[in-house]
Every structure is written in structure tokens, then in C-alpha cells.
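Listed here are the chains, written in short residue letters.
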Amino acid sequence: MTQAKMSFKNVKILIVGVGGLGCPASLALAEAGVGTLGLIDPDVVELSNLHRQILYSEHDLGQHKVEAAKRFLNRFYAQTQINVIPEAFGVSNAEAVLAKYDLIVDGLDRLEKKFILNDWCVKLGKPFVHAGVVKFEGQVLPVIPGKTACLRCFIPKIPPPFALPTCREAGVLGSFSQAIGYLQAYETLKLLGRPKHLFLWKWDVQKRTARSIRPVRNPECAACSKKVFEETSDTVVCKV
């Protein structure tokens, strides 16, 4: 797939979380010519965000991230329609929000929220790209529901809320967070073409290691197993 041979003007992509991952991912997708970007995030810009959230500056402090991000992106990429949703993503609004988009980018920072996103994307058949970054470690996983492994295939049980620190709590290298976000955007564009070579990518910049893991679907996965797909109407997902 090459960008020169593809047009993304009719594509609608939702960025869930416009932080250290969502900022570079949305920038790269706008640069690629994606026609519509949805941005959902309830937070306002804080000074501690600025080293890793590249769409914001000190002039945006105290303002909603989605509004500040829209201004930045519209300034340079007027051809991209930006839809803003200044609210938290969760069980109550997941279906309504996700249903309007073709593909989803996971820029969330809480693992329990990532599972809500995973489960609803699988249930709705929405391809998505998971990513996570904290301290010196990052990972990216593209998911095609019903065809590739989902997040629950790797981690069957959702950790309790706040069991794992976010990058705000544990710290993260700003440049590394941006690199993972750009890679997430690349994997997103791959899903819009003829996706192949889909792996779970893992990096540790402190140890200088990088590896790819071929995703294998868990036949007993609570979200994406064949049994779940056959009994969708009887299946409860997104329970945290």
C-alpha cells in the first residue's frame, strides 16, 4: 500500500483519547488526507502535558483538548473535517460514538478503558489499533474483529481500575510517546488498504529491544472467540 495510490477523503476515523498517543496519531492521519477525524477526550490541556502532547502549547492551557486539537489541525489541514466530543469514553456512550466511524484509534491511558474499547469494537465489527506507552516501553496492536487476535486474547482478565500506572503517573519520554503514536497511525492506514503482516509490536528503548509477535486468536476469548460471535445477542461485553 502506498499513500500515492490511495485516497482517504471518504474515511472516518475516531481518535479515542487525544493525549500522548492521540496527538501524533491524529496529526499523521490528517497529513495523510483522512476526510473525517473524530476526537473524544474530556480533559483540558495542562502544563505537564506539553512535553508529549504535540498539538498543544501554553496558549491552550485550561482549554478542552479536543477544541485545541481541532484548531491546530484545521490550521494546517483544512481538508479534514474534525468532529469534537468533549466527554469521557465509557460503557454509556461507546456504542453510539463508535458506530459513526470506520476505524478506531486507541489513545486511552487507562487499561480498563482500553478493554471497554476493545470489546465494543469487536462487538460492532470495527477495526481498531490499540497502543500503549509508559516509561520506556510501548506497544501497538492492529485488530480486525473476527480475523485477528484482540486485546483480550493476550490479557483475558481486565486488571482492576488503577492497577497499572498511566504515563502521567509513571512518566514517559515525550519523543518515544510520539514515535508510538506515529506508528499507530501507520498501522491504521495499513488497515485501510490490504492489511497484511499484522503483528503485536513491542519496544523497550531503555533496553534497546524491539520485537514483533504474531497475534494468535484465543479460541476461548471472552470477546472475539467464534462462540461469542455466534451468540452475540446473549453475550455481555465491556463489564468492568
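In case you missed it, the structure is sitting above this.
Undergrad: What's the story with the environment of Leu151 in this structure? I'm lost.
TA: Along the chain, the position of Leu151 falls in helix α5 (residues 151-154). Spatially, the C-alpha atoms of Leu151 and Phe115 are 7.2 Å apart, while their sequence positions differ by 36 residues.

Undergrad: Please clarify how the packing of helix α1 (residues 22-31) against helix α7 (residues 174-192) should be interpreted in this entry.
TA: Helix-helix packing: each pair is described by the crossing angle between the helix axes and the interaxial distance. Viewed as axis vectors pointing N to C, α1 and α7 meet at an angle of 45°, and their least axial separation amounts to 7 Å. When the interaxial angle is binned, α1 and α7 end up oblique. As α1 packs across α7, the resulting crossing turns out to be right-handed. In contact with Pro24, Ala25, Leu27, Ala28 and Leu29 of α1, α7 contributes Ser177, Gln178, Gly181, Tyr182, Gln184, Ala185, Thr188 and Leu189.

Undergrad: Which parts of the structure should I look at to understand the sheet that holds strand β8 (residues 209-213)?
TA: Sheets are built from strands that pair by backbone hydrogen bonding, the pairs being arranged parallel or antiparallel. Taken in spatial order, the 8 strands make up an open sheet running β3-β2-β1-β4-β5-β6-β7-β8, and their pairing is mixed. Two strands bound the open sheet, and with one partner strand each, they are β3 (81-85) and β8. Taken over all neighbouring pairs, the strand axes of this sheet differ in orientation by 15° on average, direction set aside. Strand direction decides the pairing type here: strand β1 (residues 12-16) and strand β2 (residues 36-40), joined by 5 bridges, are parallel. Its bridge partner being in β2, Leu14 is matched across the sheet by Gly38. The strands touched by helix α2 (residues 65-76) within the sheet are β2 and β3, with β3 carrying the most contacts at an inclination of about 175°. Where α7 meets the sheet, its contacts fall on β1, β4 (103-106), β5 (128-134), β6 (137-143) and β7 (200-204), and the angle it forms with β5 comes to roughly 170°.

Scoring rules and cut-offs
- Residues numbered from 1 in each chain as written.
- Predicted model: local features only at pLDDT ≥ 70, side-chain atom pairs only at ≥ 80, totals over all residues.
- Heavy atoms only, no water.
- Helix = DSSP H or I, 4+ residues; strand = E, 2+ residues; numbered from the N terminus.
- Axes fitted to C-alpha atoms, helices over the stretch in contact; angles between N-to-C directions.
- Parallel < 35°, antiparallel > 145°, perpendicular 65-115°, else oblique.
- Left-handed = near helix turned anticlockwise from the far one by under 90°.
- Contact = heavy atoms within 4.5 Å.
- Pairing = 2+ DSSP bridges.

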